[in-house]
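Notes for the structure review
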Amino acid sequence: MTSPTPNKDTLDEQANLHPDFADWRRGYGVISHNPEIQQQVLMLADRLVEQGCQPDRARVFQQLCALDRLASAGMWLVVHMTYANRVSPAGGHLSARDFKAHPEGHTGGALNMVPAYAAYLALNNLTGTTRSWLMGQGHCVAAIEALNVLTGNLHPEQKARYRNDAEGLTNLVSDFYSYRQSPDGGTAAPLGSHVNPHTAGGIIEGGYLGFAELQYAHMPLPGESLVAFLSDGAAEEQRGGDWVPRWWRAEDCGLVMPVMIANGRRIEQRTELGTREGLERFAERLSAQGFQPRRFDGCDPAAFVCMLYEMEQALGEQGRRASRGELTYPARIPYGIAESIKGFGFYGAGSNAAHNLPLPGTPRTNSHSRELFNQHADRIWVPPDDLARSIRLLCQHSQQKRPLERDHPLAQRHPPAPVIPEVALATDTCSPMLAVDRFFQGLVASNPGLRPRVGNPDELDSNRLSGVLEMLRHRVTDPENSSESVHGQVITALNEEAVVSACLANKAGLNLVASYEAFCGKMLGAIRQELIFARHQKEVGRPPQWLGFPVIATSHTWENGKNEQSHQDTTFCESLLGEMNDVSRVLFTADYNSALAVLPSVFEERGRLSCMVIPKRDRPCVFNHSEAEALAKTGAIVVDEDGSPGEPLLLIASGAYQLSELLRACERLRETAMPFRLVYLQEPGRFRQPRDAMEAASCLSELEQERLLPRRLHNRVALTHMRPEVFRGHLAPLFPTPVRTRVMGYGNRGGTLNEAGMLFANQSSWAHALVACAQVMDRPPGEWLSSGELAAIEERGSPLLITRKLR
C-alpha cells in the first residue's frame, strides 16, 4: 500500500467531501496526523471497503477518530497509574492527597505503547479479525492494562475489580505498584509490574528483553497473524532477532508483523537508535538480513494501523507467491520501525527521567510537580461521553462474531494429546540418546498435525540424534547436502538462546532441544522466564496447555573430558532443580530403557519443561522394562540390596556414571558381607521438601519415600552428577544426620581427562565412595580397599589403580 506523495489540495478536497475524514484529520489532544499518514488512511479506507471489511469510508474515518480518543484516554490513565491513587473520569485537577506517596512505573515506555496497542485493537475491529499480540518490553504493561480496562477486554478477576468507572479505575491506579499481599504472601491485586497471566491476552512476561525477538517467528500457525511489539534497546543488543527471515516459511508459519518502538532511550542513556544515523544504520542492517524495514510516525495511532495492515498484506502476498512456487526463500519480512519520543504525550518526553518518573518531584508533596501533572493530564483527558462512544465503535466483537483480544489464538493454545509411539527396548550396551532419537522420530511420525521444532546449537549427529536429523533436517535457505532443507524443522544456530526460544515459542507442536550440558546454561534466562509465566498461570487458575518437552543436556560434564573445563559444568541442572518442581523436572536417565520409559510423560504433560541429563556414550542396560517403568513412575528405584546382618548403609546414586561407580562399590561391600541398599534417584526433585501445595502434588509422599529410603538407615553416602552442595541442599530431608552422611559430586575439577579421570579428579570414583562409607560407619577403609588403592585415594599412588576399573 505504497502511497503517492501527499498533495495538500487533494487532502483538502477529501476533507470537504468527507466530514468524518476532516474530523480525524484535525487530530485530538497531543495526537496529530501528518500529510503522509492522511494519504495512507484514504488508501486504507478504500481497501477496507473493497475487501468488504467496512461498509463505507465514513465508517473507517469514524473508527480512526475513536482511536485517537481511546489512545489519548489510555495515556491519561497510564500517568494516573504511575502517580495517582484516585481517578476522576469526569475531569478536574487532583489534590495532594489524591497522589501516591511513592509513585512508581515505567511511564515513558508505557506511554509509547499506548498508540501501538490501541492501533492493534482498532485494526482488529476494522478488519473483523482478532490477531494475536505479544510485547517484548513487558515493563510497559501499564499501557496494555489501561486500554484493556477501558475496552472491557479483561479476565474475570480483573473485570470484577477494574470496571470502567470512577471506582474501578481508582482501584486500578491504586493497585498498581501497591505491593499489597494476600494472606499466603502472594500479590493481592490482579495486576503486576510486567505482563503476567492476569494481563488479558498476555503470553510472555517480557521481563528479559530480547527473547520476544527470538520467539515471534515460531509462534503463529498458518492462518494466524501475530503483532510483535519490540524494544529498540533489545534490537541493538540481542543477537538472533535479525535471523527471522532464515526461519519464516509460509508453509508452517503464520503471518508476523514485528514493530519496534524506537523511542531512543534506555533507563539512563540514549540508545544508538536514538540518533538519525543510528536508525539509518539499523534499517540498513535489517535490509541486509532479509527484512523490509519501514519507518513511520510512532506517535500517531493511525500510522500504526496503516503500517500493520500493510505489513500483513505484504507478507501474506509473499506467502501466496511461495505456495505458487514464485518465491525463493528467504522471504522479505516487513519490519516496522515506530519513531517515537520516550514518554510522548506527557511532561518530560524525550528525557532520561521519562523512563520511570518524568516529573521533577512527587506530586503528593511537591506543588510544582502537582501543577505539572494536572496541566499535562488535561491535555490527554477525554470527556466520558466522547470516550464511551469511541469505545462502542471500536468494540464490535459480538457483531463481528470474533473473540475478545483476551482470547486470541496464541493465548488459547491447547494442542491435542500426542499419540505415543511404540519403540523397542534395548538389551545390550548402547547410548541412552538413541532412545530419544528413536522416540522423537516415532512421535513426529505419529502426530502429523503437531508442528515439530528441534533446537540445535551444536551437532545433532555427534549427540546421537542422527535419525532425528535425517527425518527433520536443518532449516536453511540454500541446502548444501541431504541433512539440510528449505523446509527443515531443525533450527540450528550457535546461539543457545535462539534455538531454545524456537521451541519455547512453538506451543502448538512438538519440541526437542539438545545441547552440550556446559552450554545449556546460556538458555537459562529464556527457560526461567517461561517457567515463571507457566507457574503464575497455574496460580491464577488458567494453567498452560502447551505440551511439555525436554531440554537435553548431553555430551555432559563427566563424559566431555576430551575438552577443557569450559565444557564441564553442571550449573544447568542445578539451576532448574531450584525452580518449582511442578513446572520444571530434572531427570538423570542412566540407560537406554530408563530414558525411553520416562519420555512419554515428558511429552504428555502440559506446561512443564524437563531438563534431561543423558549420556551420549554407550552405557550398559541396567534396568529392564518393568524396572524402567517403575523408575519413571516414582523417580527412584532400589537397584541392589544386601541383607547381611548388621547396621546397613544407604547408598544413593543420581547420574549414569555415578550409578556405575556405586555398583562397583557394592561389589566390594558384598565381598565383606556389609549390608547395604543402593537406590537410584532419577528425578531428585520429587524427594525435596515441597515449598507449596502445588509443588507437593508433584513430590512423592512421605510413605513412598520411606519405602525407598527408610529413616532407619542412618548411614548414607550419595554420589551425584551435580555439585554435592546443591544436591544436599535441595534434598535435605534425605540426609537427616549430617555427621553420618557423605555427598560427593562435581567439585569444579576438570580438564582434558577421560570419564574415569573426571570421576577421580572430583573424588567421585567407586573407591572414593568406599572411603566415604568407611567414614560414616567409623570403620577403616582398608576393609574394602587394597593398600595400593588406598594410596591412590590418598594421593600417594597412581590413579590408574582406580581409573582402570571404570565400568
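Every value quoted in this text rests on a predicted model; they were computed, and no experiment measured them.

Thoughts on the packing of helix 4 (residues 57-83) against helix 13 (residues 301-323)
For the pair helix 4 and helix 13, the least separation of the axes is 9 Å and the interaxial angle reads 120°. In terms of their interaxial angle, helix 4 and helix 13 are classed as oblique. Each of Leu64, Leu67, Asp68 and Ala71 in helix 4 lies in contact with helix 13, whose residues at this interface are Pro301, Ala302 and Val305. Residue composition of the contact of helix 4 with helix 13, by class: six nonpolar, no polar and one charged.

Regarding the sheet that holds strand 14 (residues 636-642)
With mixed pairing, the five strands of this open sheet are ordered in space as 14-16-15-17-18. If you trace the sheet from one side to the other, it starts and ends with strand 14 and strand 18 (741-744), each paired once. Between one strand and the next, the sheet's axes are offset by a mean angle of 15°, whatever the strand orientation. In this fold helix 24 (residues 625-634) packs onto strand 14 and strand 16 (676-681), with an angle of close to 125° to the strand it touches most, strand 14.

Some words on unusual backbone geometry
Here the amide bond leading from Tyr329 into Pro330 is cis, since omega sits at 10°, within 30 degrees of zero. Looking at the element boundaries, Pro330 is found in the loop between helix 13 and strand 5 (333-339). The phi torsion at Tyr179 lies on the positive side, around 65°, for a residue other than glycine. Following the sequence through the fold, Tyr179 ends up in the loop between helix 8 (166-175) and helix 9 (211-215). Assessed through its relative accessible area of 63%, Tyr179 is described here as exposed. Phi at Ala673 takes a positive value of approximately 60°, unusual for a residue other than glycine. With respect to the element layout, Ala673 can be found in the loop between helix 25 (656-671) and strand 16.

Points about the nonpolar core
Among the nonpolar cores identified, the biggest contains 133 residues, and Met113, Tyr216, Phe229, Trp248 and Tyr335 are the most heavily contacted of them. Top element by residues in this core is helix 4. It accounts for 16 residues. Discounting chain neighbours no more than four positions away, the residues touching Trp248 are Ala217, Cys253, Gly254, Leu255, Val256, Leu315, Gly319, Tyr329, Ala331 and Ile333. With 131 residues, the next largest nonpolar core counts Met523, Ile652, Ala653 and Ala665 among its residues.

Regarding the pairing of strand 6 (residues 452-456)
For strand 6, a buried count of five out of five residues is recorded, marking the element as mostly surrounded by other parts of the structure. Covered by surrounding structure in strand 6 are Pro452, Val454 and Asn456 together with Arg453 and Gly455, the residues of both alternating faces. Here strand 6 runs beside strand 10 (residues 510-516); their pairing, made up of four bridges, is parallel. Residue pairing in the sheet places Arg453 in a bridge with Asn511 of strand 10. Pairing between strand 6 and strand 9 (residues 490-492): three bridges, direction parallel. For Gly455, the partnering residue across the bridge sits in strand 9 and is Ile491.

Topic: the pattern of salt bridges
Going through the model one piece at a time under the given rule, you end up with 51 salt bridges. Glu405 is paired through a salt bridge with Arg402; the nearest N and O atoms lie 2.9 Å apart. Both residues of the pair, Glu405 and Arg402, belong to the buried class. Two residues, Arg528 and Glu579, come together in a salt bridge whose shortest N-O distance is 3.0 Å. Placement of the pair is Arg528 in helix 21 (residues 524-539) and Glu579 in the loop between helix 22 (571-577) and strand 12 (584-588), with a sequence separation of 51 residues.

Definitions and cut-offs
- Residues numbered from 1 in each chain as written.
- Predicted model: local features only at pLDDT ≥ 70, side-chain atom pairs only at ≥ 80, totals over all residues.
- Heavy atoms only, no water.
- Axes fitted to C-alpha atoms, helices over the stretch in contact; angles between N-to-C directions.
- Helix = DSSP H or I, 4+ residues; strand = E, 2+ residues; numbered from the N terminus.
- Parallel < 35°, antiparallel > 145°, perpendicular 65-115°, else oblique.
- Contact = heavy atoms within 4.5 Å.
- Nonpolar A, V, L, I, M, F, W, Y, C, P; charged D, E, K, R; others polar.
- Pairing = 2+ DSSP bridges.
- Buried < 20%, exposed > 50% of the residue type's maximum accessible area, 1.4 Å probe, protein only.
- Core = buried A, V, L, I, M, F, W, Y, C linked by side-chain atoms within 4.5 Å.
- Salt bridge = Lys/Arg side-chain N within 4 Å of Asp/Glu carboxyl O.

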